[in-house]
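Next come the chains, spelled out residue by residue.
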Amino acid sequence: MKLVTAIIKPFKLEDVRDALMKLGVSGMTVTEVKGYGRQKGHTEIYRGAEYAVNFLPKLRIEIAVAGDRANATVEAIAAAAKTGQIGDGKIFVIDIDKAVRIRTGETDADAL
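Sequence order as written defines the numbering, with residues in each chain counted from 1. This being a predicted model, a pLDDT of at least 70 is required before a residue's local features are given, and a value of 80 or more before pairs of side-chain atoms are given or counted; all residues contribute to the totals for chains, interfaces and linings. Hydrogen atoms and water are omitted, and side-chain values are computed over all heavy atoms in the structure.

Visitor: Would you explain the packing of helix α1 (residues 13-23) against helix α2 (residues 70-81) in this entry?
Guide: Each pair of packed helices can be described by the angle between their axes along with the distance between the axes. Lines fitted to C-alpha atoms define the axes, with helix axes restricted to the stretch in contact, and inter-axis angles between N-to-C directions lie between 0 and 180 degrees. Numbering of helices and strands starts at the N terminus; helices are DSSP runs of H or I of at least 4 residues and strands are runs of E of at least 2. Where α1 meets α2, the axes come as close as 8 Å, and the angle between the chain directions of the two elements is 150°. As judged from the angle between their axes, α1 and α2 are roughly antiparallel. As α1 packs across α2, the resulting crossing turns out to be right-handed. Between α1 and α2, the contacting residues are Asp15, Val16, Ala19, Leu20 and Leu23 on the first element and Ala72, Thr73, Ala76, Ile77, Ala80 and Ala81 on the second. Residues are grouped as follows: Ala, Val, Leu, Ile, Met, Phe, Trp, Tyr, Cys and Pro are nonpolar; Asp, Glu, Lys and Arg are charged; every other residue, Gly included, is polar. For the contact of α1 with α2, the residue count by class is 9 nonpolar, 1 polar and 1 charged. To sort the angles, those under 35 degrees are grouped as roughly parallel, those over 145 as roughly antiparallel, those from 65 to 115 as roughly perpendicular, and the leftovers as oblique. Helix crossings are classified by the rotation of the near helix relative to the far one: an anticlockwise turn of less than a right angle makes the crossing left-handed, while a clockwise turn makes it right-handed. The contact definition used throughout considers only heavy atoms, calling two residues in contact when any of these lie within 4.5 Å.

Visitor: I keep staring at α1 and nothing clicks. Help me out?
Guide: Given 3.6 residues per turn, any residue in an α-helix points the same way as the ones three and four places further on. When accessible area is computed with a 1.4 Å probe and restricted to protein chains, residues below 20% of their type maximum are described as buried, those above 50% as exposed, and intermediate ones as partly exposed. All of the buried residues in α1 are Val16, Ala19 and Leu20. The arc that holds the buried residues of α1, viewed along the axis, is 95°, so those residues lie on one side. Across from the buried face of α1, at angles greater than 90 degrees, the exposed residues are Met21 and Lys22. Turning to α1, the residues buried within the fold contact β1 (2-8), β5 (56-65) and α2. Of the residues flanking the end of α1, it is Gly24, one or two places downstream, whose phi is positive at about 90°. The directions considered for the arc run from the helix axis to the C-beta atoms.

Visitor: How should the nonpolar core be read in this particular structure?
Guide: When a protein is soluble and globular, its nonpolar side chains tend to lie buried together. In this description, a nonpolar core means a group of buried Ala, Val, Leu, Ile, Met, Phe, Trp, Tyr and Cys residues linked to one another through side-chain atoms lying within 4.5 Å. The biggest cluster of nonpolar side chains holds 16 residues, and the ones touching the most others in it are Ile8, Val16, Leu20, Ile61, Ile63, Val65 and Ile77. Elements that contribute at least two residues to this core include exactly β1, α1, β5 and α2. Element by element, the count of residues in this core is highest for α2, at 5 residues. Once residues lying within four places of it in the same chain are set aside, the contact partners of Val16 are Ile8, Ile61, Ile77, Ala80 and Ala81.

Written out as structure tokens, the structure is:
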């Protein structure tokens, strides 16, 4: 089992969700986060004053998948979230040792 974590631009969420649904991925967790990478933020003008925006709004998506589906999941997210511009995001894949569905007590792959 793998935990796929993706940091994406907020407006790409529906595209990513649609791509994952086509793969048969049944659930995900989405969190609003702020951060920056190589782009180091940007400057904006508000009411005539210029100020730096160091932390940009992003979405963090977490998806638990069977190990054999991790590569397809990563490829689907990357294709759907790509704009070709700086700040498109990152994808991380981490091993999951154990998973439990609280309601039924199912474990590991059955819990996904």
